[in-house]
Amino acid sequence: MAEPLRILVIMGSVREGRMAEPVANWVLEQAVVREGLACELIDLKDWDLPFYPFPHAPAQGKYTDPLQIRWAEKIASADGYILICPEYNHGPPAVLKNALDFVYAEWNRKPVTFVGYGGNGGARSIELLTCVTRELQMAPLEASVHIMGVWGKVKAGVFTGDDKDLRWTGHLFDELLWWGHALKAAR
């Protein structure tokens, strides 16, 4: 049996009272029952990445800052990513875009998928992130989850997905497993 894929589930919001946390915890609960996935939750609140202040573009790979080096190591350790992405003003939160921009080669040739919420299930946020992740030479997957009415699905800080959310999350994991193994073998 193949070694499980190491997947980072990255919460794309640091806002107080964010829905990203209950949604991310629910995604992790669903992933635990899937054979072949080893998921780790990444909370951008724990990283406090400044808006990119360094003299060299990340694509040059000349990382000198200890935080940037640590972030690069964390991102490089994964076989793929699930981005928990709310929609703020028709796009992703700046903190998530900044986290993507902070390093470059470590993202390359790995699958990424999205769990969005907010206006239209986070569709516009996911659409913009698809463009960004393509530029990072990632493989953005079609299998995204668009959670409609997220606020009505969180009770006492716990998100409970409906049948559609569960069905699409299952599809997301299926595609992530397939693409994750294919790209890992190709890398």
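Everything below is about the structure shown above.
Residues numbered from 1 in each chain as written. Predicted model: local features only at pLDDT ≥ 70, side-chain atom pairs only at ≥ 80, totals over all residues. Heavy atoms only, no water.

Caption draft 1: View of helix α3 (residues 94–101). Taken as a whole, α3 has its buried residues at Leu96, Asn98, Ala99 and Leu100. Contacts made by the buried residues of α3 are with β1 (5–11), α2 (66–76), β3 (80–86) and α4 (123–135). (Buried < 20%, exposed > 50% of the residue type's maximum accessible area, 1.4 Å probe, protein only. Helix = DSSP H or I, 4+ residues; strand = E, 2+ residues; numbered from the N terminus. Contact = heavy atoms within 4.5 Å.)

Caption draft 2: Inspection of the nonpolar core at higher detail. Residues Ile10, Trp71, Ile75, Tyr81, Leu83 and Trp107 are the most contacted members of the largest nonpolar core, which totals 30 residues. At the level of elements, β1, α2, β3, α3, β4 (111–117) and α4 are the ones that each hand at least two residues to this core. If one sorts the elements of this core by residue count, α2 sits on top with four residues. Leaving out residues up to four positions away in the same chain, Ile10 has contacts with Ile42, Leu44, Ile75, Tyr81, Ile82, Leu83, Ile84, Leu96 and Trp107. Val145, Ile147, Val154 and Leu177 belong to the second-largest nonpolar core, a separate cluster that totals 27 residues. (Core = buried A, V, L, I, M, F, W, Y, C linked by side-chain atoms within 4.5 Å.)

Caption draft 3: View of the environment of Gly91. If you trace the backbone, Gly91 turns up in the loop between β3 and α3. In this structure, the C-alpha to C-alpha distance between Gly91 and Glu127, residues 36 residues apart in sequence, is 8.3 Å. Beyond its immediate chain neighbours, meaning those up to four positions away, Gly91 contacts Pro86, Ser125 and Leu128.

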